[in-house]
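# Understanding the architecture of this molecule
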Amino acid sequence: MTEFADRFWTSRDGLKLHYRDYAGPADRPPLVCLHGLTRNARDAEPLANRLAGEWRVLCPEMRGRGDSAYAKDSATYNPVQYVEDLLELFAQAEIDRAVFVGTSLGGLMAMILALSAPERIAGVLLNDVGPELDPAGLERIRGYVGQGRNFPTWMHAARALEESQQIAFPDYEISDWLTMAKRVMVIGSNGRIHFDYDMKIAEPFAQPGGEAGVDLWPCFEALRGRPALLLRGELSDVLSAQTHQAMARRLDGSEAVTVPRVGHAPTLDEPEARAAIDRFLARIG
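Notes on the structure in this doc start here.

## Considering the overall build of the protein chain
The helix and strand inventory of the protein chain stands at ten helices and eleven strands. Against the compact-globule benchmark of 19 Å for 285 residues, the protein chain has a radius of gyration of 17 Å, which places it among compact chains. In the protein chain, buried positions account for 55% of the 285 residues. Considering only residue pairs separated by 6 or more positions, the protein chain has 73% of its internal contacts joining residues 24 or more positions apart. With an accessible surface of roughly 12000 Å², the protein chain has 48% of that area assigned to carbon and sulfur atoms.

This is the structure:
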């Protein structure tokens, strides 16, 4: 695994928030990897391990995930608040612009940022997310978020992930599920393995519109004029093929790529995703 520094910043409401900082050159904007709803900084390990050194890579953990503090008020678990937290990170780490890699929730954040602070964006990769989200996929996610399940062994944890997410990764072997389990879960103080997030993040997400809370088409269209890569998993039930195509039509100069045989969301380590990311970064670097 590539070395990184564990760093922290403080939100406006006083939460101590964590990010991984992989070293890279200072003469180009860093990559900022924004994770999905139930994920954390480990989610970006494949990408960070591959690109660190050539690029500085930051992997922030939003409030309530990983080593970031949990919020006292669960209503603050929303994309607009996460963007405010992210802007605090930029201020404290003295980052002016970045290339954003947004997976799922992270992509919603990148779009909101494009409308509120477009000068921050040097380029954006939206990974299996768009201005319109498929209700079927959202309902599937609501079905497992915040359940608070825990497991006695990593094998039990891996099998549970396989049961809930095999629809997205039909070709995965047990070794793949074990790798995923160790990215999304941790061993608790009682020795049991549990998901590495505050179960209360499910509370605002459970409300209609809680996945974003705003009309995202204006946010998406605010990305015009910047390099953009629009990734979609072929089997995705969150980003439809129709929305993916509409996004490409509305954003001149973007590249739309479908990653075969995966659903929500590609890991960014698939050969097709890696090649597309290299083309995208070549436009920036």
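There is more to say after this.
## Some remarks on the side chain of N40
By the element assignment, N40 lies in the loop between β3 (31-34) and α1 (45-51). Polar contacts involving the side chain of N40 include one to the main-chain amide nitrogen of R42, which spans 2.8 Å. A distance of 2.9 Å separates a polar atom in the side chain of N40 from the backbone oxygen of R183. Setting aside anything within four residues of it in sequence, one finds N40 in contact with H35, E61, G66, R183, V184 and D196.

## A short note on the sheet that holds strand β9 (residues 193-195)
On the basis of which strands lie adjacent, the open sheet formed by three strands has the order β7-β9-β8 and antiparallel pairing. Pairing within the sheet leaves two strands with one partner each, and these edge strands are β7 (150-151) and β8 (185-187). Direction of pairing for β8 relative to β9: antiparallel, over a ladder of three bridges. Directly across from M185, in β9, lies its bridge partner F195.

## Digging into helix α4 (residues 135-142)
Note: α-helices contain 3.6 residues per turn, so residues at a spacing of three or four share the same orientation. Three or more residues of α4 are buried, namely G137, L138, R140 and I141. All buried residues of α4 lie within an arc of 160 degrees about the axis, which places them on one face of the element. Where the residues of α4 are buried, they touch α5 (154-165) and α7 (202-205). The backbone nitrogen of A136 has a side-chain oxygen 2.9 Å away, supplied by the residue at the start of α4, namely D134.

Calculation notes
- Per chain, the residues get numbers from 1 upward, laid out in the order the sequence is written.
- The model is predicted, so local features are restricted to residues of pLDDT at least 70 and side-chain atom pairs to those at 80 or more, both for listing and for counting; the totals for chains, interfaces and linings are taken over all residues.
- Only hydrogens and water are removed before side-chain values are computed, so all heavy atoms of the structure are retained for them.
- Numbering of helices and strands runs from the N terminus; a helix is a DSSP stretch of H or I covering at least four residues, while a strand is a stretch of E covering at least two.
- Here the globule rule reads 2.2 Å times residues to the power 0.38, and the radius of gyration is calculated from C-alpha atoms.
- The buried label goes to any residue with under 20% of its type's maximum accessible area, the exposed label to any with over 50%, and the partly exposed label to all in between, with areas taken from a 1.4 Å probe on protein chains only.
- Contacts are residue-level and defined by heavy atoms, with any inter-residue pair within 4.5 Å sufficient.
- Each accessible area value is a Shrake-Rupley result obtained with a 1.4 Å probe; residue values ignore everything except the protein chains displayed when judging cover.
- Here a polar contact is taken to be a pair of N or O atoms separated by no more than 3.5 Å, where protein atoms must pair a possible hydrogen donor with a possible acceptor and residues adjacent in sequence count only if both atoms sit in side chains.
- When DSSP finds two or more bridges between a pair of strands, those strands are recorded as paired.
- It is the directions from the helix axis to the C-beta atoms that the arc portrays.

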